[in-house]
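Structure assessment
So you can see what is in the structure, the chains are spelled out below.
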Amino acid sequence: MKKLPDWEIKYREFMFKHKDTPFVWGKWDCCMFSNAVIKTITGEDLIPKTLKWKDEVTAKKAIKGYGKTILGSITKAAKEKKGINVIDKAYMTKGDLVVFKQESQLVGICDGMSIVSPSEDGIEVLQNDLAVKVWRIDA
């Protein structure tokens, strides 16, 4: 897995296009959003094609079956790909994959200043200090 040469342009276009897309389980939840960003900037999926869900119940079941938790699932998926490595969260920057903690663990992408992830009203901007673990894709 490696970032495309024009990944920053693709990232900006993606965020502009989807800024108002609301959260929908299995279509535009935190995992699907983060995977879509990664696919946009690398051309590759991070989520295995075999993982599917349609609502909160089936999402939790898929996560539990794959890696027990969001953190465990992202860690497992990242280990299965070359070119995506854990970094110190103090150094996260645009394009980094982030597991963060709110009421529960969720996943998002760093935009260089904060963490972004989908919400009912579109892309939500969150504080970097919510980060639990961060991965960087090779440039």
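Shown above is the structure to which this text applies.
In this report, we go over the structure that sits alongside the text. Per-chain numbering applies: the sequence of each chain, read as written, is numbered from 1 onward. In keeping with the model being predicted, local features are shown solely for residues with a pLDDT of at least 70 and side-chain atom pairs are shown and tallied solely at 80 or more, while totals for entire chains, interfaces and linings include all residues. Computation of side-chain values: all heavy atoms of the structure, hydrogens and water removed.

A short note on the layout of surface pockets
Here is the rule: Put simply, the grid is 1 Å and covers the protein atoms alone, a cavity is a trapped set of points that fit a 1.4 Å probe, a pocket is an open set with protein on both sides within 12 Å along at least five of seven lines, and lining residues have an atom within 4 Å of a point. Grid points are joined across faces, edges and corners, and a volume is the space filled by probe spheres set on the points. Think of it this way: any DSSP run of H or I at least four residues long counts as a helix, any run of E at least two long counts as a strand, and we number them from the N terminus. As a working rule, the residues Ala, Val, Leu, Ile, Met, Phe, Trp, Tyr, Cys and Pro are called nonpolar, Asp, Glu, Lys and Arg charged, and the rest polar, with Gly in that last group.
Taken as a whole, the largest pocket holds about 550 Å³ of empty space. Counting only elements with at least two residues in the lining of the largest pocket, the list comes to α2 (30-42), α3 (56-67), β3 (105-110), β4 (115-119) and β5 (122-126). Looking at the lining of the largest pocket, the element that brings in the most residues is α3, giving five residues. Of the residues assigned to the lining of the largest pocket, the class counts are twelve nonpolar, six polar and eight charged. For the second largest pocket, the calculated volume is near 150 Å³. Looking at the lining of the second largest pocket, its residues break down into five nonpolar, two polar and three charged.

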